[in-house]
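# Coordinate inspection notes
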Amino acid sequence: MLRNFFIFYAFAIVAILVIFGFRGQTFERPPIEIFPDMDHQSKYKPQAESSFFADGRTDRPVVSGAMPRIAETPERRALLTDDYLRTGFQDGEYGRGFPIEVSREVMDRGQDRYMVYCYSCHGGLGDGNGITKEYGMLATPTFHSERLREMPEGMIFETITHGRGTMMPYRAKLSVEDRWAVIAYVRALQKARLGSPDEVPGDKREELGL
Ligand code: HEC
């Protein structure tokens, strides 16, 4: 019994020393490094002086004629110059219409990305009844309201780019082109909701049991 007490006593002292012992103490000298790993390497820091280069600067000038990688193809170059494509704004207002050609390929891409990044909240029909509603995310709106049907494409672009309210931004996950493709798919969902059976092409009518 007494032995147990001493063991406990010793433990308590060690514990108290460990917890309170060296708190707030600063050391003047760097700690002894047994394994320095790769903590210390010779390198130049940005904008530091250099004794190696004749002009004394570590930063080297850009080679003449160099272009950012983003500008390699005509489409990529358009990203640098076409403001509506990049921002969703036209003459200081949310733009309407698409700055890209909406092809079958773009639609398929839009559907694919929608399924990955929007479906969980906005649902397969765009009615805002995604799985997250069951878990309490009640704020997700339907795309089939008058307001969202009339919303300029540029404003949807901004919603995806910067988020809105509780909706997170998706600019890091969707490239500029992918965002427009998703918007095209959102437009298709909205149109489908308002469509009538007469608009279904002949060869698809049977598929839908019309
Ligand atoms: C995690 C859930 C979630 C995901 C994923 C999500 N949204 Fe939303 N979205 C919301 C919520 C919640 C709102 C309502 C935000 C508010 O008004 O506070 C909203 C609003 C919107 C609006 C209307 C904005 C407005 O001004 O009323 C649009 C358009 C929209 N989302 C498009 C998309 C698109 C396109 C995607 C896929 C890239 C997407 N959302 C992904 C939850 C989500």
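This one's a predicted model, so the numbers in the text were calculated from it and none came from an experiment.

Each value, and the rule that gives it
Residues numbered from 1 in each chain as written. Predicted model: local features only at pLDDT ≥ 70, side-chain atom pairs only at ≥ 80, totals over all residues. Heavy atoms only, no water. Helix = DSSP H or I, 4+ residues; strand = E, 2+ residues; numbered from the N terminus. Rg over C-alpha atoms; globule rule 2.2 N^0.38 Å. Buried < 20%, exposed > 50% of the residue type's maximum accessible area, 1.4 Å probe, protein only. Contact = heavy atoms within 4.5 Å. Donors = N, O, S within 2.8 Å, 3.2 Å for Na, K, Ca; no water. Tetrahedral: all angles 85-135°; square planar, octahedral: opposite > 155°, others 65-115°. Near = heavy atom within 4 Å. Polar contact = N/O pair within 3.5 Å; in protein donor to acceptor, adjacent residues only side chain to side chain. Nonpolar A, V, L, I, M, F, W, Y, C, P; charged D, E, K, R; others polar.

### Considering the overall build of the protein
- Looking only at helices and strands, the protein has ten helices and two strands in total.
- Starting at the N terminus and ending at the C terminus, the protein contains elements arranged as α-α-α-β-β-α-α-α-α-α-α-α.
- Relative to its length of 210 residues, the protein is extended, with a C-alpha radius of gyration of 30 Å against a globular reference of 17 Å.
- Reported as C-alpha extents along the three principal axes, the dimensions of the protein are approximately 90 × 75 × 35 Å.
- Per-residue burial over the protein gives 25% buried out of 210 residues.
- If you take every contact in the protein between residues at least 6 apart in sequence, the share linking residues at least 24 apart comes to 44%.

### Observations regarding the coordination of the iron atom of the ligand
- Looking at the iron atom of the ligand, one finds its protein donor set to be His 122 (NE2) and Met 167 (SD), positioned 2.0 to 2.1 Å from the metal centre.
- Seen from the iron atom of the ligand, its six donor atoms lie at angles of 85 to 179°, and the figure they make is octahedral. Of this pair, His 122 sits in helix 5 (residues 119-122) while Met 167 sits in the loop between helix 8 (153-162) and helix 9 (176-194); the two residues are 45 residues apart in sequence, bridging distant segments of the chain.

### A look at the side chain of Arg 187
- In this fold, Arg 187 is placed in helix 9.
- Each residue touching Arg 187, except ones within four places of it in the same chain, is listed here: Phe 98, Leu 148, Arg 149, Met 151, Pro 152, Glu 153 and Ile 156.

### Remarks on the site of the ligand
- Around the ligand sit 23 residues, and of these Cys 118, Cys 121, His 122, Arg 147 and Met 167 come closest.
- Measuring from an oxygen atom of the ligand, one finds a side-chain N or O atom of Arg 147 at 2.5 Å.
- The set of elements that each furnish at least two residues to the shell around the ligand consists of helix 5, helix 7 (146-150) and helix 8.
- A breakdown of the residues in the shell around the ligand according to their chemical character gives 15 nonpolar, six polar and two charged.

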